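What follows is each chain in one-letter form.
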Amino acid sequence: MNGYGGSILRVNLSNGQLTRFPTPPELAINFIGGRGFGAYLLFKEVTKFADPLGPENKLILSPGPLSGLMIPGAGKMDFTTKSPLTGGYASSSLGGMLTAELKYAGIDSIILEGISPNPVYLFIDNDLVELRDASEYWGKGTITVESSIKDKFGEEFQVAVIGPGGENLVSFASINHDYGRQAGRGGVGTVMGSKKLKAIVVHGSKAIPVADSEGYRKAGKELFKACKDADGLVPWQRYGTTIVTSWCDEVGALPTRNFSSGHFDEGKSLYGPVMREKIVITDKGCFGCPSPCGKYSRMKKYKTNVEGPEYETIGMLGSNLGISDIEDVAEANRLCDDLGIDTISTGGVIGWAIECFQKGILTSTDTDGLGLRFGDSDSIFKLIHKIAFQEGFGKLLAGGVKKAAEAVGKGSEKFAIHVKGMEQSAYATHNATAMLLAYMTCDVGAHHNRSWAITYDLQVGRELVVPEKVARIIWLQNFRPMFDVLGSCRLQWVELSIDRDLYVPALEAITGIHRSWEDLEKTGDRIWNLTRMFWIRENPGFNRDWDLPSPRFYSEPPLDGPTEGQITKFEDVQKLLDMYYEQRGWDKNGIPTSSTLIKLDLAELAI
Ligand code: SF4
């Protein structure tokens, strides 16, 4: 099949069986690749009510049809699983070089199932596929292991690896790659750890067939030219995602002291230009990227290096924890990366713990003698270690903020900032109703990348609760994740304003199938509804309450920063949901109706 590696690899870690079968053409037609493959295979293959950490759960890795080809940012792939953090659908995107090697090895998906009796790593060199003993790597940090594996097999091998966080089943463990890229969200690394799979090592050298090589060359060239000519290229390349830190601080969206505010008084020392000046030593990008957003930094104070921090990490491990020294934020970032835990969830759960301590809900008896306060980097570094090793107080935090708050009680649930159990990423949504709805209805929990709408909130009126805002969120949710389906980066469209229609001839020349963006959005809608049905299937009693945000965003004014435009009534939150369900074709409890599922060719899922 043009644009595809041609096979799906099934790895049964319980019995060591490895099987490869041709990629079904109907899967490629209906779900295209990447996140689409993951969503379909998860729904079809994982048995109902599977324990996320049991042998019946699966971890599915999928590049897309653009991955590994000469298209800007075609270095993305998807990890899908049933989340140990939320109990629902998890999908996390990874950049870097791994996806290209998978495609060159002829692989469109890897389905990992079962549990190995001993730590192993998966070794793939084109058609040679083996499970090998990983006892020498178990217990070690991600950077050390990736470097050792590359020393052993050569730089042409790409490595995805978990750290102690994944081994110790921290609910928000990440999968790390290329010394600083992560599939971070939803506990994909936890599931890899539960299977005792330390690493995946891949090299491939096969050609990817394309339908029209001349058309592919022309379309790829036009896309690269558009990136090169984009006005936004120079600032984006210089600052990457940190370009938004100052803007978020100004508009009240920078999470500060456990989201109690959207403005950080000492925030200026975290802004992109300050970071660039103080710690960045070079830029770093994914496969085929003309606009590398990765920043590689040196922390002189600690004599350490890290890829990052990017905006989300600055928000969650910086302002959200009251830390204003960019070197401290970068060091916290390095610890999380090496230990293999998600920086966003880590910042969320530690922010909650500090607020509990300040309010007297937790005392030093609960925290292993640690005094917790915002801005205290040393105690925060200690907590990161405790979480990764599930040690003492860290054990409570390692289950995620929702479970920690339920265990502690005493009103702490009110400032556990999450949706569906996933800690909210780095946008305070006191006065941004579209972004609030985006978090409420995101398919994995409170994550921003499906639908990023804060600028839109500012354009049309922050407090408005109107159908147009809801329509915008739905459009973004159907459209933006399609980049994760195609296996390329969305940031060229987002940050460089590349015309999305330039991707249409590229996709057609590669796959031989014409798909307009309207066609792609319909596939996006199908995947969105399929994953919603996964949540409903796995969680008896699922209803609209699952889509509610933290009360902090509608019942308390932000402590600092702009206060205008906040919705203050719970009825407005419910109104947002009512409008959303109606426009999606879901019932009052957020369940897709039969006619919606039939319209999206998902009739077999109708309840
Ligand atoms: Fe990777 Fe950033 Fe380039 Fe996207 S913009 S492909 S995330 S380096």
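What you are looking at is a predicted structure, and each value in this text was computed from that prediction instead of being measured. (Residues numbered from 1 in each chain as written. Predicted model: local features only at pLDDT ≥ 70, side-chain atom pairs only at ≥ 80, totals over all residues. Heavy atoms only, no water.)

Trainee: It is not clear to me how the sheet that holds strand E15 (residues 304–307) should be interpreted in this structure. Could you clarify?
Mentor: Remark on secondary structure: sheet strands pair via backbone hydrogen bonds, oriented parallel or antiparallel. On the basis of which strands lie adjacent, the open sheet formed by three strands has the order E13-E14-E15 and antiparallel pairing. Strands with a single pairing partner mark the edges of an open sheet, and in this sheet they are strand E13 (280–284) and E15. Each adjacent strand pair in this sheet contributes to an overall mean axis angle of 20°, direction not counted. When E13 meets strand E14 (residues 294–299), the two strands line up antiparallel, connected through four bridges. Across the sheet, Lys 284 pairs through a bridge with Gly 294, a residue of E14. (Pairing = 2+ DSSP bridges. Helix = DSSP H or I, 4+ residues; strand = E, 2+ residues; numbered from the N terminus. Axes fitted to C-alpha atoms, helices over the stretch in contact; angles between N-to-C directions.)

Trainee: How should I be thinking about the site of the ligand in this particular structure?
Mentor: Close contacts around the ligand come from 13 residues, with Arg 181, Cys 286, Cys 289, Cys 293 and Cys 489 the closest. Here the shell around the ligand is built from residues that sort into seven nonpolar, four polar and two charged. (Near = heavy atom within 4 Å. Nonpolar A, V, L, I, M, F, W, Y, C, P; charged D, E, K, R; others polar.)

Trainee: Is there a simple way to explain the packing of helix H12 (residues 326–339) against helix H14 (residues 377–388) in this structure?
Mentor: Helix-helix packing: each pair is described by the crossing angle between the helix axes and the interaxial distance. One can describe the packing of H12 onto H14 by two numbers: an axis separation of 10 Å at closest approach and a directional angle of 10°. Judged by the inter-axis angle, H12 sits roughly parallel to H14. Across the interface between the two elements, Asp 328, Glu 331, Ala 332, Leu 335, Cys 336 and Leu 339 from H12 touch Ser 377, Phe 381, Ile 384, His 385 and Ala 388 from H14. Per-class residue counts for the contact of H12 with H14 are seven nonpolar, two polar and two charged. (Parallel < 35°, antiparallel > 145°, perpendicular 65-115°, else oblique. Contact = heavy atoms within 4.5 Å.)

Trainee: Just checking my understanding: could you explain the environment of Leu 61 for this structure?
Mentor: Note on placement: Leu 61 falls in strand E3 (residues 59–63). Considering only alpha carbons, one finds Leu 61 and Ser 92, 31 residues apart in sequence, at a separation of 9.7 Å. Setting aside residues no more than four positions away along its own chain, Leu 61 makes contact with Met 77, Asp 78, Phe 79, Asp 108, Ser 109, Ile 110, Leu 112 and Ile 200.

Trainee: Got a minute to help me understand empty space enclosed by the protein in this structure?
Mentor: Picture a little ball the size of a water molecule; that probe, rolled over the atoms, points out where space is still empty. Inspection of the entire model under this criterion finds two cavities of 30 Å³ or more. In this structure, the largest cavity spans a volume of roughly 50 Å³. Looking at the largest cavity, the residues that line it are Lys 420, Thr 441, Cys 442, Asp 443, Trp 528, Thr 531, Arg 532, Trp 535 and Trp 586. Top contributing element to the lining of the largest cavity by residue count: helix H23 (residues 517–538), with four residues. Across the lining of the largest cavity, the residue classes break down as four nonpolar, two polar and three charged. In this model, the second largest cavity occupies a volume close to 40 Å³. Lining of the second largest cavity is provided by Thr 142, Ile 143, Glu 146, Val 161, Asn 176, His 177, Asp 178, Tyr 179, Gly 180, Gln 182 and Asp 337. (1 Å grid on protein atoms, 1.4 Å probe; cavity = no way out; pocket = protein on both sides within 12 Å on 5 of 7 lines; lining within 4 Å. Points joined across faces, edges and corners; volume = space filled by probe spheres on them.)

Trainee: Got a minute to help me understand the domain arrangement of the protein chain in this structure?
Mentor: Taken domain by domain, the protein chain comprises domain 1 (7–203), domain 2 (237–398) and domain 3 (433–605). Taking only C-alpha atoms, the centre of domain 1 and the centre of domain 2 are 26 Å apart. With 37 residues of domain 1 at the interface, the matching set in domain 2 holds 26 residues. A per-residue breakdown of the area domain 1 buries against domain 2 is headed by Phe 172, Arg 181 and Arg 185, which together make up 27% of the total. On the surface where domain 1 and domain 2 come into contact, there are 19 residue pairs in polar contact (both at pLDDT 80 or more). Of all the secondary structure elements, the ones that give two or more residues to the side of domain 1 that touches domain 2 are helix H3 (98–104), helix H4 (142–153), helix H5 (164–167) and strand E11 (181–183). Per-class residue counts for the side of domain 1 that touches domain 2 are 16 nonpolar, 18 polar and three charged. (Domains from an automatic or database assignment. Buried area = accessible area lost by both parts, 1.4 Å probe. Polar contact = N/O pair within 3.5 Å; in protein donor to acceptor, adjacent residues only side chain to side chain.)

Trainee: Explain the nonpolar core here, please?
Mentor: The nonpolar side chains of a soluble globular protein tend to be buried with one another. In this structure, Ile 71, Ile 350, Trp 352, Ile 384, Ile 387, Trp 517 and Tyr 580 are the most contacted members of the largest nonpolar core, which totals 155 residues. Take this core: its biggest share by element is nine residues, from H23. Setting aside its immediate chain neighbours within four residues, Tyr 580 contacts Leu 437, Thr 441, Val 470, Ile 473, Ile 474, Gln 477, Trp 528 and Trp 586. (Core = buried A, V, L, I, M, F, W, Y, C linked by side-chain atoms within 4.5 Å. Buried < 20%, exposed > 50% of the residue type's maximum accessible area, 1.4 Å probe, protein only.)

Trainee: Explain the packing of helix H2 (residues 34–45) against H23 here, please?
Mentor: Two elements in contact, H2 and H23, have axes separated by 10 Å at closest approach and are oriented at 35°. Judged by the sense of rotation from one axis to the other, the crossing of H2 with H23 is left-handed. Mapping the contact onto sequence places Arg 35, Gly 36, Ala 39, Tyr 40, Leu 42 and Phe 43 in H2 and Ile 527, Trp 528, Leu 530, Thr 531, Met 533, Phe 534 and Arg 537 in H23. In terms of residue class, the contact of H2 with H23 is made up of nine nonpolar, two polar and two charged. (Left-handed = near helix turned anticlockwise from the far one by under 90°.)

Trainee: What exactly am I supposed to notice about the packing of aromatic side chains here?
Mentor: In this description, an aromatic ring pair is defined by two values, namely the gap between the centres and the angle between the planes. Under the counting rule described, the total for this entry stands at 26 aromatic pairs. Relative to Tyr 137, the ring of Tyr 121 has its centre 5.9 Å away and its plane inclined at 70°; by these criteria the two rings are edge-to-face. Taken together, the residues Tyr 121 in strand E7 (residues 120–125) and Tyr 137 in the loop between strand E8 (128–133) and H4 connect sequence positions 16 residues apart. Overall, the relative accessible area of 3% leaves Tyr 137 in the buried class. Of the aromatic side chains, those joined through ring pairs into one cluster are Trp 475, Phe 479, Phe 483, Trp 493, Tyr 503 and Trp 517. Sitting over the ring of Phe 415, Lys 359 keeps its end group 4.7 Å from the ring centre. (Phe/Tyr/Trp six-rings, centres within 6.5 Å; stacked < 30°, edge-to-face > 60°. Lys NZ or Arg CZ within 6 Å of the ring centre and 35° of its normal.)

Trainee: Teacher, can you tell me more about the pattern of salt bridges here?
Mentor: As a working rule, side chains carrying opposite charge can pair if their charged atoms are close by. Taken as a whole and assessed by the stated rule, the structure comprises 43 salt bridges. Lys 386 is the partner of Asp 368 in a salt bridge, and the nearest nitrogen-oxygen pair spans 2.8 Å. Here Asp 368, found in the loop between helix H13 (343–358) and H14, pairs with Lys 386, found in helix H14; they are 18 residues apart in sequence, far enough to count as distant. Residues Glu 538 and Arg 537 are paired through a salt bridge, measuring 2.8 Å at the closest nitrogen-oxygen approach. Judged on exposure class, the residue Glu 538 and its partner Arg 537 are both buried. One continuous salt-bridge network, built from bridges that share partners, spans Arg 10, Glu 45, Lys 58 and Glu 113. (Salt bridge = Lys/Arg side-chain N within 4 Å of Asp/Glu carboxyl O.)

Trainee: Is there a simple way to explain a negative patch on the surface in this structure?
Mentor: Judged by side-chain charge, Asp 499, Asp 501, Glu 518 and Asp 519 come together as a negatively charged surface patch. Tracing the backbone through its elements, the reader meets Asp 501 in the loop between helix H21 (491–496) and helix H22 (503–511). (Patch = residues over 30% accessible without salt bridge, like charges linked within 9 Å, V, L, I, M, F, W, Y side chains within 5 Å. Areas by Shrake-Rupley, 256 points an atom, 1.4 Å probe, with all protein chains shown as cover. Lys, Arg positive; Asp, Glu negative; His and termini not counted. Charge placed at Lys NZ, Arg CZ, Asp CG, Glu CD.)

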